[in-house]
Amino acid sequence: MSDKPLVGILMGSDSDYEIMAEAARALREFGVPFEVTVTSAHRTPERTSEYVRQAPGRGIRVLIAGAGAAAHLAGVVAAETTLPVIAVPIDATALNGLDALLAMVQMPAGIPVATMAIGKAGARNAGIFAAQILAVADSSLRDKLTDQRQTMAAGVVAKAEKLQERLRKDGF
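Rules used throughout
- Residues numbered from 1 in each chain as written.
- Predicted model: local features only at pLDDT ≥ 70, side-chain atom pairs only at ≥ 80, totals over all residues.
- Heavy atoms only, no water.
- UniProt positions renumbered as here; feature names shortened; annotations may be inferred.
- Domains from an automatic or database assignment.
- Contact = heavy atoms within 4.5 Å.
- Buried area = accessible area lost by both parts, 1.4 Å probe.
- Salt bridge = Lys/Arg side-chain N within 4 Å of Asp/Glu carboxyl O.
- Polar contact = N/O pair within 3.5 Å; in protein donor to acceptor, adjacent residues only side chain to side chain.
- Phe/Tyr/Trp six-rings, centres within 6.5 Å; stacked < 30°, edge-to-face > 60°.
- Lys NZ or Arg CZ within 6 Å of the ring centre and 35° of its normal.
- Axes fitted to C-alpha atoms, helices over the stretch in contact; angles between N-to-C directions.
- Helix = DSSP H or I, 4+ residues; strand = E, 2+ residues; numbered from the N terminus.
- Parallel < 35°, antiparallel > 145°, perpendicular 65-115°, else oblique.
- Left-handed = near helix turned anticlockwise from the far one by under 90°.

Labelled according to an unreviewed UniProt entry, the protein chain appears under the name N5-carboxyaminoimidazole ribonucleotide mutase, originating from Geothermobacter hydrogeniphilus. Its UniProt record gives the protein chain the following Catalytic activity (unreviewed entry) comment, quoted word for word: "5-carboxyamino-1-(5-phospho-D-ribosyl)imidazole + H(+) = 5-amino-1-(5-phospho-D-ribosyl)imidazole-4-carboxylate". In the Function (unreviewed entry) part of its UniProt record, the protein chain is described as follows: "Catalyzes the conversion of N5-carboxyaminoimidazole ribonucleotide (N5-CAIR) to 4-carboxy-5-aminoimidazole ribonucleotide (CAIR)."

A. The arrangement of the domain arrangement of the protein chain in detail. According to the domain assignment, the protein chain consists of domain 1 (7-137) and domain 2 (139-171). The straight-line distance from the C-alpha centre of domain 1 to that of domain 2 is 30 Å. Across the contact, 11 residues belong to domain 1 and seven residues belong to domain 2. Buried surface at the junction of domain 1 and domain 2, summed over both partners, amounts to about 710 Å²; 61% is from carbon and sulfur atoms. Of all residues in domain 1, Phe30, Gln132 and Ala135 give up the largest surface area on contact with domain 2, accounting jointly for 67% of the area buried on that side. Between the two partners, domain 1 and domain 2, sit zero salt bridges. Counting across the domain 1 and domain 2 interface gives three residue pairs in polar contact (both at pLDDT 80 or more).

B. Representation of the packing of aromatic side chains within the structure. According to the stated counting rule, one finds zero aromatic pairs in the structure shown. Between arginine 58 and the ring centre of tyrosine 51, over which it is positioned, the NZ or CZ distance is 4.7 Å.

C. Focus on the packing of helix H2 (residues 45-54) against helix H3 (residues 73-80). As a packed pair, H2 and H3 sit with axes 9 Å apart at the nearest point and diverge in direction by 50 degrees. One finds that H2 runs oblique with respect to H3. Both H2 and H3 take part in a crossing whose hand is right-handed. Along the contact surface, H2 presents Thr48, Ser49, Val52 and Arg53, while H3 presents Leu73, Val76, Val77 and Glu80.

Right, dumping it as structure tokens:
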């Protein structure tokens, strides 16, 4: 892979950075080049539209959009492109991210948005899902994803063994 970004990570505000950094971390772990920007569906609609329309020409193949509150960013992005769009709802209001989740998941027919879980787990999964989309045409990336799954499975087995040791030690 080149250093040319394949994934664009968008966030509605720089206050979303701590959450959306998880998507970037996941992509970095798999060696997937990405770029990150702040653009708002409401405050900078022209900037958002321009970014999304130019993305394919820059080599972007997948877009990840994180936003809170009304959370229209992913939907606006999806309306501007046929690239896969992955949404990350962010807990930014008294509704604990449920408003963002519903805004993202309830897209009209014909404008799909793959919506992840609220918060950091969702952002991490967005990065992994973007890698999975790219891995359809990249066997090296597919191998990295398989290795990651095997590492996670081995971690669970190790924790189960450690728990059994603790139970024996505690007399159970």
